[in-house]
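What the coordinates show
Chain by chain, the residues run as shown.
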Amino acid sequence: MGFKVMGVSAGRNDSNCDILLKEALLACQEQGAEITMINLHDYELDDCTGCTSCTMGMSMGKHTGCALDKKDDKKRIMEVLLDQDAVIFAAPTFALMPSSLYLKFMHRNLAYETAFLTKIGAIQHRDRVGALIAVGGSSRSWQSMTLECMQASTFSNSFKIVDMYTATMVPAPAQVLLHDEKLARAREIGQNVMKALNTPVEERTWLGEPDAGWCPNCHSNCLCLGEPQWRGLQYPIECAVCGAGGDLVKTDDGKWKFVIAANGLERDRTSEEGRGVHCDEIADTQGGFFMDPQKRSTVAEKSEKYKQIIFKGI
Ligand SMILES: Cc1cc2nc3c(=O)[nH]c(=O)nc-3n(C[C@H](O)[C@H](O)[C@H](O)COP(=O)(O)O)c2cc1C
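Note that residues are indexed from 1 along each chain, following the sequence as it is written. A pLDDT threshold of at least 70 governs which residues receive local features in this predicted model, and a stricter bar of 80 or more applies before side-chain atom pairs are shown or counted, although totals over entire chains, interfaces and linings include all residues.

Section: the site of the ligand
To decide whether a residue is near a molecule or strand, its C-beta atom is placed from the backbone and checked for lying within 6 Å of it. Near the ligand there are 19 residues, and of these Gly-11, Ser-15, Cys-17, Pro-92 and Gly-136 occur at the shortest range. Only helix 1 (16–30) and strand 3 (86–94) provide two or more residues apiece to the shell around the ligand. No other element matches the 3 residues that strand 3 contributes to the shell around the ligand. Each residue is assigned to one of three groups, with Ala, Val, Leu, Ile, Met, Phe, Trp, Tyr, Cys and Pro labelled nonpolar, Asp, Glu, Lys and Arg labelled charged, and all others, Gly among them, labelled polar. Looking at the shell around the ligand, its residues break down into 10 nonpolar, 8 polar and 1 charged. Every helix listed is a DSSP run of H or I at least four residues long, and every strand listed is a run of E at least two residues long, numbered separately from the N terminus.

A closer look at the pairing of strand 10 (residues 256–260)
If a strand is regular, its side chains alternate between the two faces of the sheet. Strands qualify as paired when DSSP identifies two bridges or more between them. Strand direction decides the pairing type here: strand 9 (residues 245–250) and strand 10, joined by 5 bridges, are antiparallel. The residue of strand 10 that forms the bridge with Val-249 is Lys-257. Linking strand 9 back to strand 10 in an antiparallel pair, the connection comprises 5 residues, with Gly-254 at a positive phi of about 80°.

Things to note about the pairing of strand 2 (residues 34–39)
Alignment of strand 1 (residues 4–9) against strand 2, held across 6 bridges, turns out to be parallel. Residue pairing for strand 2: Gly-7 is matched across the bridge by Met-37. When the strands point away from the viewer and the path from the first strand over the helix to the second turns clockwise, the crossover is right-handed. After leaving strand 1, the chain enters helix 1 and then returns to the sheet as strand 2, a path that is right-handed.

Regarding the nonpolar core
Joined through C-beta atoms within 7 Å, a set of buried Ala, Val, Leu, Ile, Met, Phe, Trp, Tyr and Cys residues constitutes a nonpolar core. Three exposure classes are used. Buried residues have 20 or more other C-beta atoms within 10 Å of their own C-beta, exposed residues have 12 or fewer, and partly exposed residues fall in between, all C-beta atoms being placed from the backbone. If you look at the biggest cluster of nonpolar residues, it comprises 60 residues, and the most contacted ones within it are Leu-20, Ala-24, Ile-88, Ala-90, Leu-132, Ile-133 and Val-193. If you tally residues by element for this core, the top one is helix 1, at 8 residues. Residue ranges assigned to the domains are those given by an automatic or database domain assignment. The residues that make up this core include at least three from each of domain 1 (1–212) and domain 2 (213–299). Discounting chain neighbours no more than four positions away, the residues touching Ala-24 are Ile-88, Ile-133, Ala-186, Arg-187, Ile-189 and Gly-190. C-beta atoms are placed from the backbone for every residue, and two residues are taken to be in contact when these atoms lie within 7 Å.

Structural notes on the sheet that holds strand 7 (residues 223–225)
Spatially, the 4 strands line up as an open sheet ordered 7-8-9-10, and their pairing is antiparallel. The open sheet has two free edges, formed respectively by strand 7 and strand 10, since each of these has just one partner strand. Strand after strand, the sheet turns through a mean of 45° between neighbouring axes, direction not considered. Here 2 bridges tie strand 8 (residues 237–239) to strand 9, and the two strands are oriented antiparallel to one another. Considered in strand 9, the bridge of Glu-238 is made with Gly-245. Lines fitted to C-alpha atoms define the axes, with helix axes restricted to the stretch in contact, and inter-axis angles between N-to-C directions lie between 0 and 180 degrees.

Some thoughts on helix 7 (residues 180–197)
The end-to-end C-alpha distance of helix 7, which contains 18 residues, comes to 26 Å, matching closely the 26 Å that a straight helix rising 1.5 Å per residue would cover. Residues of helix 7 that are buried sit in contact with strand 1, helix 1, strand 3, strand 5 (128–135) and strand 6 (159–167). Working rule for helices: expected span equals 1.5 Å times residues minus one.

A look at helix 1
Here helix 1 is 15 residues long and its end C-alpha atoms lie 21 Å apart, about the 21 Å a rise of 1.5 Å per residue gives. Burial analysis of helix 1 places 12 of its 15 residues in the buried class, the great majority of the element. Taken residue by residue, helix 1 has Asn-16, Cys-17, Asp-18, Ile-19, Leu-20, Leu-21, Lys-22, Glu-23, Ala-24, Leu-25, Ala-27 and Cys-28 as its buried positions. Where helix 1 ends, the next residue or the one after it, Gly-32, has phi of about 95°, a positive value.

Let's talk about the domain arrangement of the protein chain
Examined at the domain level, the protein chain breaks down into domain 1 (1–212) and domain 2 (213–299). Of note, the centres of domain 1 and domain 2, computed from C-alpha atoms alone, are 23 Å apart. Each partner contributes residues to the interface: domain 1 has 19 residues there, and domain 2 has 19 residues. Secondary-structure elements contributing two or more residues to the side of domain 1 that touches domain 2 are helix 2 (53–59), helix 5 (114–119) and helix 6 (146–154). Examining the composition of the side of domain 1 that touches domain 2, we find that 5 residues originate from one element, helix 5, more than from any other. For the side of domain 1 that touches domain 2, the residue count by class is 9 nonpolar, 8 polar and 2 charged.

So, in structure tokens, the structure goes:
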């Protein structure tokens, strides 16, 4: 049976994201994959309201779904998206990060958190491959958080990201068509997705530029100083995306390198085990709050003061 590969674009219709995504998907189709592609502009999608009913349910061992399930197209899309072997996401950069449409769609994935749902026995684990395409009018410098935010938003559904690409300097609609090398790189994304799908799950690995980014685990270019995490774990330096912990080390040729500590992948957000720790954290902090009548009544009492304060709006 052929593989199912889906493309999700958040760019303008028929513009740079769509074109690069189609080029990648064509490479998959040529190798026998069944292709589905959507552009998020064509759907009705509501913002996550932050109600947390999904994680509240999960922390009590229930699969409640999303409170907006019947209100927009998200559930309909997810039923197809989660039935894929691989998904390639393409998003335009707005203010250094993926556009709000992309983020709006992906933030709703919390209701489908595979680590949580697998942990409570609500779903069967499924291995999925993913790849990312970011598009912007400027250089990588002005797209500094796009791939990083895109990758962070794919964790919830356990996509193993095998390749990612930033297409730079293409601000105008469909301008990418002037750059054969960018189209070729997008095609390579599709080829790498197929290569990963044809590799046994346990041997699937990163297929993009070997030295891409600072982090050897998720290849992000974003590091930050470590601060104490839940239950005190702390590293000198952390990857802002996958949470790998370690330190900067000077190599023999005088360059800096991020070296992951022996316990640095304990809370690796790209793995279900790592995110499972976060699941325990939420059960402790959120579940612990809702299960404690004393805490709830204190908050209800103290909230009154702030509810009475109404500042001038617009
Ligand atoms: C509100 C807005 C903000 C943008 N911010 C950035 C940016 O920070 N960096 C960048 O490289 N391009 C930025 N761009 C340019 C878009 O990323 C660019 O036009 C891209 O080609 C859009 O992709 P599309 O053609 O697939 O829609 C911005 C565009 C808009 C409309």
